[in-house]
Amino acid sequence: MMSDTTVSLAEYIERFLRHLRLERNLSINTVTAYGRDLNRLQSYFAGLSVPVTPEDLNRDLLMGYLVALRESGLHDRSVARHMSTLRSFCRHLVDRGVLEQSPATLIDMPRTPRSIPEVLTTEEVSELLASPGLETPRGIRDTAMLETLYATGMRVSELVNLKVGDIDFERGVVVCMGKGRKERLVPIGESARQRLLLYLGEARPFIARSPATRTRRGGIGPVLFITSHG
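Treat the numbers as computed from the prediction; the structure is a model and nothing was measured.

Engineer: Mind laying out the sheet that holds strand β1 (residues 167-168), listing which residues take part and the relevant values?
Structural biologist: Backbone-to-backbone hydrogen bonds pair the strands of a sheet. The strands run either parallel or antiparallel. Pairing in this open sheet of three strands is antiparallel, and the strands run β1-β2-β3 from one edge to the other. The open sheet terminates on both sides in strands that have one partner only, identified here as β1 and β3 (183-187). As paired strands, β1 and strand β2 (residues 173-177) are joined by two bridges and run antiparallel to one another. Looking at β2, one finds that D168 is bridged to V173.

Right, here's the structure in full:
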């Protein structure tokens, strides 16, 4: 509540957006999202019986705004986003000497419920595993990759870094290198084992004979799943 008391809320919003764009170098999309939220705030205050200036911002005014957002049907996640915008804007006003302290810090962020991850049905899993098909070398390779992922639960980053020697077909396990370079043995199951044998016996040699792979210096190397470029 210092200087610049004649500057309107709209002007301070514009200054804040300019600050995000030029000083913080945020993307156009991010700045636009901030602008939408703050324009909604400005419209809400414009509809009140008493004019609101930046110096007037306090906890009660912001709480009234958040209540209005909820009553408009906005979900908790969207209200939380608006609250985050308010905190950034109020912090900017404190930095510029307009407010002595941010009223937004006196308001708890709305709790957003954690979404439960969707789980594929057995039929959907079967369709997924069969989707690449076995008619082409690439389809055989992709089927083997999906079957291995499904059987082991390994990360995609772990899958693409597998070496041919990591598969122990006799014991039906794969040596997997996880986070922290920790090595573990993971069962692959009969279905994945058969798909891997088919891939190694038919598809991988065919892919390795492609012109792009043959001209690659050093050959295709030990990586299990290769592209047409080796």
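Engineer: Describe the layout of surface pockets, with residues and values.
Structural biologist: By volume, the second largest pocket is sized at about 170 Å³. Taken together, 11 residues line the second largest pocket, and the ones lying closest to its centre are L57, N58, L99, Q101 and P103. Split into classes, the residues belonging to the lining of the second largest pocket amount to five nonpolar, two polar and four charged.

Engineer: Pulling in residues and values, what's your account of the pattern of salt bridges?
Structural biologist: A complete count under the given rule lists 11 salt bridges for this structure. Across the pair E23 and R96 runs a salt bridge whose closest N-O atoms are separated by 3.8 Å. One end of the pair, E23, is in helix α1 (residues 9-23); the other, R96, is in the loop between α4 (76-95) and α5 (122-130), with 73 residues separating them in the sequence. The class of R96 is partly exposed, set by a relative accessible area of 39%. Look at the salt bridges and you will find they share partners, linking R138, R141 and D142 into a network.

Engineer: Can you break down the packing of aromatic side chains residue by residue, with the values?
Structural biologist: Within this structure, the stated rule accounts for five aromatic pairs. When the ring of F16 is compared with that of F89, the centres are 5.5 Å apart and the planes differ by 65°; the resulting orientation is edge-to-face. In this pair, F16 is assigned in helix α1 and F89 in helix α4, connecting sequence segments 73 residues apart. With a relative accessible area of 1%, F16 lands in the buried category. Plain terms: the ring middles of Y199 and F225 are 5.3 Å apart, the flat faces sit at 35° to each other, and that makes the pair tilted. Placement of Y199 in helix α8 (residues 189-208) and of F225 in the segment after α9 (211-214) is noted, with a sequence separation of 26 residues between them. Of the two residues, Y199 and F225, both sit in the buried class. Across the ring face of Y12, the terminal group of R15 is positioned such that the distance to the ring centre comes to 5.2 Å.

Engineer: Can you break down the confidence of the model for the protein chain residue by residue, with the values?
Structural biologist: Across the protein chain, the average pLDDT comes to 84, with 87% of residues at or above 70. Counting contacts from residues 1-5, a segment whose pLDDT is below 50, to residues more than four positions away or on other chains yields 15 contacts.

Engineer: Requested: an account of the packing of helix α3 (residues 59-71) against α4, with residues and values cited.
Structural biologist: As a packed pair, α3 and α4 sit with axes 10 Å apart at the nearest point and diverge in direction by 155°. One finds that α3 runs roughly antiparallel with respect to α4. α3 and α4 meet at a crossing whose hand is right-handed. Residues L62, Y65, L66, L69 and R70 of α3 touch α4, and the partners they reach there are D76, V79, H82, M83, L86 and C90. Each residue belonging to the contact of α3 with α4 can be placed in one class, and the counts come to eight nonpolar, one polar and two charged.

Each value, and the rule that gives it
The numbers attached to residues start from 1 for each chain and follow its sequence in the written order. Restriction of local features to residues with pLDDT of at least 70 applies here, the model being predicted, together with a cutoff of 80 or more for giving and counting side-chain atom pairs; totals for whole chains, interfaces and linings are based on all residues. Remark: hydrogens and water are excluded; side-chain values derive from all non-hydrogen atoms of the structure. Strand pairing is assigned whenever DSSP detects at least two bridges linking the two strands. Secondary structure elements follow DSSP: runs of H or I of four or more residues count as helices, runs of E of two or more count as strands, with numbering from the N terminus. Cavity means a closed set of points on a 1 Å grid over the protein atoms alone, one where a 1.4 Å probe fits but cannot get out, pocket means an open set with protein on both sides within 12 Å along at least 5 of 7 lines, and lining means a residue has an atom within 4 Å of a point. Grid points are joined across faces, edges and corners, and a volume is the space filled by probe spheres set on the points. Each residue is assigned to one of three groups, with Ala, Val, Leu, Ile, Met, Phe, Trp, Tyr, Cys and Pro labelled nonpolar, Asp, Glu, Lys and Arg labelled charged, and all others, Gly among them, labelled polar. By salt bridge we mean one thing: a side-chain nitrogen of Lys or Arg within 4 Å of a carboxyl oxygen of Asp or Glu. Here's how the labels work: a residue is buried when its accessible area is under 20% of the maximum for its type, exposed when over 50%, partly exposed in between, all with a 1.4 Å probe on protein chains only. Two rings from Phe, Tyr or Trp (for Trp, the six-membered ring) form a pair when their centres sit within 6.5 Å of each other. Planes less than 30 degrees apart are called stacked, planes more than 60 degrees apart edge-to-face, and all others tilted. For a lysine, the NZ atom is tested; for an arginine, the CZ atom; a charge sits over a ring if that atom is within 6 Å of the ring centre and within 35 degrees of the ring normal. Scored from 0 to 100, pLDDT records how confident the predictor is in each individual residue. In this analysis, two residues are considered to be in contact whenever any of their non-hydrogen atoms come within 4.5 Å of each other. Axes here mean lines fitted to C-alpha atoms, for a helix over just the part in contact, with angles spanning 0 to 180 degrees between N-to-C directions. The cut-offs work like this: below 35 degrees is roughly parallel, past 145 is roughly antiparallel, 65 to 115 is roughly perpendicular, and the gaps in between are oblique. By convention, the crossing between two helices is left-handed when the near helix turns anticlockwise from the far helix through less than a right angle, and right-handed when the turn is clockwise.

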